Amino acid sequence: MNKEVLRILENKKVKATAVRELVLEVFLNNRFAHSLSDIEDKLPWSDRVSIYRTLKTFEEKGVIHQINDGSGSSKYGLCEHKCQATKHLDIHPHFHCNKCGKTICLEKQEINIQNIPDELRIVDYSLILNGLCSGCKDCN
Ligand SMILES: [Zn+2]
Ligand SMILES: [Zn+2]
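Below you will find a few notes about this structure.

**Structural notes on the coordination of the zinc ion (ligand 2)**
Moving on, step 1. Surrounding the zinc ion (ligand 2) are the protein donor atoms His65 (NE2), His92 (NE2), His94 (NE2) and Cys105 (SG), which sit 2.0 to 2.3 Å from the metal.
Moving on, step 2. Around the zinc ion (ligand 2), the 4 donor atoms are arranged such that angles at the metal cover 101 to 113°; this shape is classified as tetrahedral.
Moving on, step 3. The sequence motif formed by the donor residues of the zinc ion (ligand 2) is H-x26-H-x1-H-x10-C. Taken together, the residues histidine 94 in strand 4 (residues 94-97) and cysteine 105 in strand 5 (residues 103-105) connect sequence positions 11 residues apart.
Moving on, step 4. Here histidine 94 falls in the buried class, since its relative accessible area comes to 6%.

This is the structure in structure tokens:
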């Protein structure tokens, strides 16, 4: 079994199961965001319900975060190590490729929002940068 997978599950206090290990491995092997269907395509079997449940558990425990990239389907990206359950600390922009639809976490960028009017209470925010990824930029 993949040591990195077990280390993350242990670190985030998620009980290891066969499905959880396989789903997490998909994220580790392909460092871009995945939708439920993307994950389904990469697994040798298809069980939407258990994949969905696994994603929800991972999200609650700070293993992955949900991304709305405007494509209409929710995607999930792997969280940085410091994220903990119910306390997602990785509020970073995401890049979305207009051509292949790939979504990538831009972990090193920060979103700095200032001068929000006092009467507004911010619950959530996101920033999507649209463009062409490295694979799409040179082929025309
Ligand atoms: Zn692309
Ligand atoms: Zn992200």
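Having seen the model, we can carry on.
**Here's the deal with the coordination of the zinc ion (ligand 1)**
Moving on, step 1. Within the protein, Cys97 (SG), Cys100 (SG), Cys133 (SG) and Cys136 (SG) serve as the donor atoms for the zinc ion (ligand 1), at 2.2 to 2.3 Å.
Moving on, step 2. Between the 4 donor atoms coordinating the zinc ion (ligand 1), the angles at the centre fall across 106 to 114°, so the site counts as tetrahedral.
Moving on, step 3. Within one chain, the residues serving as donors to the zinc ion (ligand 1) are arranged as C-x2-C-x32-C-x2-C. Here cysteine 133 lies in the loop between strand 6 (128-131) and helix 5 (134-137) and cysteine 97 lies in strand 4, a separation of 36 residues in the sequence.
Moving on, step 4. In this structure cysteine 133 comes out as buried when scored by relative accessible area, which is 8%.

**Overview of the sheet that holds strand 3 (residues 75-78)**
Moving on, step 1. Pairing within the open sheet is antiparallel, and its 3 strands lie in the order 1-3-2. The strands lining the two open edges of the sheet, one partner per strand, are strand 1 (34-35) and strand 2 (64-67).
Moving on, step 2. Here 4 bridges tie strand 2 to strand 3, and the two strands are oriented antiparallel to one another. Among the inter-strand pairings, histidine 65 is bridged to a residue of strand 3, identified as glycine 77.
Moving on, step 3. Of the strands in this sheet, strand 1, strand 2 and strand 3 are in contact with helix 2 (residues 18-29), which crosses strand 3 at around 75°.
Moving on, step 4. Of the strands in this sheet, strand 2 and strand 3 are in contact with helix 4 (residues 48-60), which crosses strand 2 at around 105°.

**Concerning the pairing of strand 4**
Moving on, step 1. Burial along strand 4 is two-sided: the residues His94 and His96 and Phe95 and Cys97 are all buried.
Moving on, step 2. Across 3 bridges, strand 4 lies against strand 5 in antiparallel orientation. Each residue of the ladder has a partner; that of histidine 94, found in strand 5, is cysteine 105.
Moving on, step 3. Of the strand pairs in this sheet, strand 4 and strand 6 are connected by 4 bridges, and their pairing is parallel. Its bridge partner being in strand 6, cysteine 97 is matched across the sheet by glycine 131.

Rules used throughout
Residues numbered from 1 in each chain as written. Chains lettered and ligands numbered in written order. Predicted model: local features only at pLDDT ≥ 70, side-chain atom pairs only at ≥ 80, totals over all residues. Heavy atoms only, no water. Donors = N, O, S within 2.8 Å, 3.2 Å for Na, K, Ca; no water. Tetrahedral: all angles 85-135°; square planar, octahedral: opposite > 155°, others 65-115°. Helix = DSSP H or I, 4+ residues; strand = E, 2+ residues; numbered from the N terminus. Buried < 20%, exposed > 50% of the residue type's maximum accessible area, 1.4 Å probe, protein only. Pairing = 2+ DSSP bridges. Contact = heavy atoms within 4.5 Å. Axes fitted to C-alpha atoms, helices over the stretch in contact; angles between N-to-C directions.

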